[in-house]
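Here is what each chain is made of, one letter per residue.
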Amino acid sequence: MNILKKAFADGRPALGLWQALATPYTAEICAHAGFDWLMFDGEHAPNTLQTLLGQLQAVAPFSLEPVARPPIGDPVLIKQYLDIGFRSLLIPMVDSADQAQRLVAATRFPPAGIRGVASATSRASGFGSRPDYLARTHEDICLIVQIESRAALENIEAIAAVPGVDALFIGPADLAGSLGYLGRSGDPVVQDAIAKALGRIRAANKPAGIFAVDVADARARIDAGAAFVSIGTDIGLLSNGARALLNACRSPQGSSSSLAQ
Ligand code: 3PY
Ligand code: MG
């Protein structure tokens, strides 16, 4: 079963890590940490289908849900991401119920949808080894749509009501930009909009997710009922760790423990 959908069903907050380094090796390292999900970014990271495939293969042995974000909610890209084996998709910039409906259709084979059919040649079907693949694969798909514009805020209930939309995820950076607060997602106006949006998603009985900017933010979101939270990024871990190591060594108070990495 889809691990993220299982966490939603169990009411257990699922903690994820954003993957923007675009390499299988770092994905594998992060997978060892025990996150519930890793999100492989095709929107803002230098990923291709091939690099995504490598990362998917690298994390295959782990009990986590790989999520992928295409650069845009395009049926052709969605078909390709699903064929290589992603079951969970995070679609950016979903502003209306109509758009959400088209995305659901892109994840379903006919007659339910418009997904192009491949089975024996796709990794998703175990290269043809799953006899019930065509009939049942939609059951494991987790379609997450991003709410990250003023228009999307207006349409939350309509988007959440679309059958086949499994969860809604707030993108604070784009939302801040759309509301006129570019680069200031911490502004009280944006924070208030986010809190209200999360509440409305929950009231619509859909799992609500968000990208947290730090650990305190992540804890607050979980306490407020978010079903899934991205609690950091691979780039942040690497760059913060590198800086902290250097600073610890340069500072007279540098502790030996922080150097023993
Ligand atoms: C955003 O903040 O806009 C994102 O898409 C990621 O969280
Ligand atoms: Mg965004």
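Residues numbered from 1 in each chain as written. Chains lettered and ligands numbered in written order. Predicted model: local features only at pLDDT ≥ 70, side-chain atom pairs only at ≥ 80, totals over all residues. Heavy atoms only, no water.

A. Region of interest: the coordination of the magnesium ion (ligand 2). Within the protein, the atoms that donate to the magnesium ion (ligand 2) are Glu148 (OE) and Asp174 (OD), at distances of 2.0 to 2.1 Å. Of this pair, Glu148 sits in the loop between strand S5 (142-147) and helix H7 (150-154) while Asp174 sits in helix H9 (residues 172-178), placing them 26 residues apart in sequence. For Glu148, a relative accessible area of 2% translates into the label buried. (Donors = N, O, S within 2.8 Å, 3.2 Å for Na, K, Ca; no water. Helix = DSSP H or I, 4+ residues; strand = E, 2+ residues; numbered from the N terminus. Buried < 20%, exposed > 50% of the residue type's maximum accessible area, 1.4 Å probe, protein only.)

B. Seen up close, the packing of aromatic side chains. Inspection of the entire model under this criterion finds nine aromatic pairs. Taken together, the ring pairs connect Phe8, Trp18, Trp37, Phe169, Phe211 and Phe228 into an aromatic cluster. (Phe/Tyr/Trp six-rings, centres within 6.5 Å; stacked < 30°, edge-to-face > 60°.)

C. Region of interest: the sheet that holds strand S4 (residues 88-91). Pairing in this closed barrel of eight strands is parallel, and the strands run S1-S2-S3-S4-S5-S6-S7-S8 around the ring. For this sheet the average axis-to-axis angle between neighbouring strands, irrespective of direction, equals 25°. Strands strand S1 (14-19), strand S7 (208-211) and strand S8 (228-233) of the sheet are contacted by helix H11 (residues 215-223), whose axis makes an angle of about 175° with S8. (Pairing = 2+ DSSP bridges. Axes fitted to C-alpha atoms, helices over the stretch in contact; angles between N-to-C directions. Contact = heavy atoms within 4.5 Å.)

D. Representation of the packing of helix H3 (residues 49-59) against helix H4 (residues 75-84) in the model. At their nearest, the axes of H3 and H4 sit 10 Å apart, and the two run at 30° to each other. When the axes of H3 and H4 are compared, the pair comes out roughly parallel. When the axes of H3 and H4 are compared, the crossing they make is right-handed. In contact with Leu49, Leu52, Leu53 and Leu56 of H3, H4 contributes Gln80, Tyr81 and Ile84. Split by residue class, the contact of H3 with H4 holds six nonpolar, one polar and no charged. (Parallel < 35°, antiparallel > 145°, perpendicular 65-115°, else oblique. Left-handed = near helix turned anticlockwise from the far one by under 90°. Nonpolar A, V, L, I, M, F, W, Y, C, P; charged D, E, K, R; others polar.)

E. View of the pairing of S4. By the alternation rule, side chains of S4 split into Ser88 and Leu90 and Leu89 and Ile91, which are all buried. The sheet contact formed by strand S3 (residues 65-69) and S4 spans two bridges and is parallel. Looking at S4, one finds that Ala68 is bridged to Leu89. The parallel pair S3 and S4, bridged by H4, forms a crossover whose chirality is right-handed. (Right-handed = clockwise from strand over helix to strand, strands pointing away.)

F. Up close: the pairing of strand S2 (residues 37-41). A large share of S2 lies buried, amounting to five of its five residues. Residues Trp37, Met39 and Asp41 of S2 are buried on one face, and the alternating residues Leu38 and Phe40, pointing to the opposite face, are buried as well. Bridge count between S1 and S2: four bridges; the pairing is parallel. Paired with Gly16 across the bridge in S2 is Trp37. Crossover connection from S1 via helix H2 (residues 24-31) to parallel S2: handedness right-handed. Across five bridges, the pairing between S2 and S3 is parallel. When the bridges of S3 are listed, Phe40 appears paired with Ala68.

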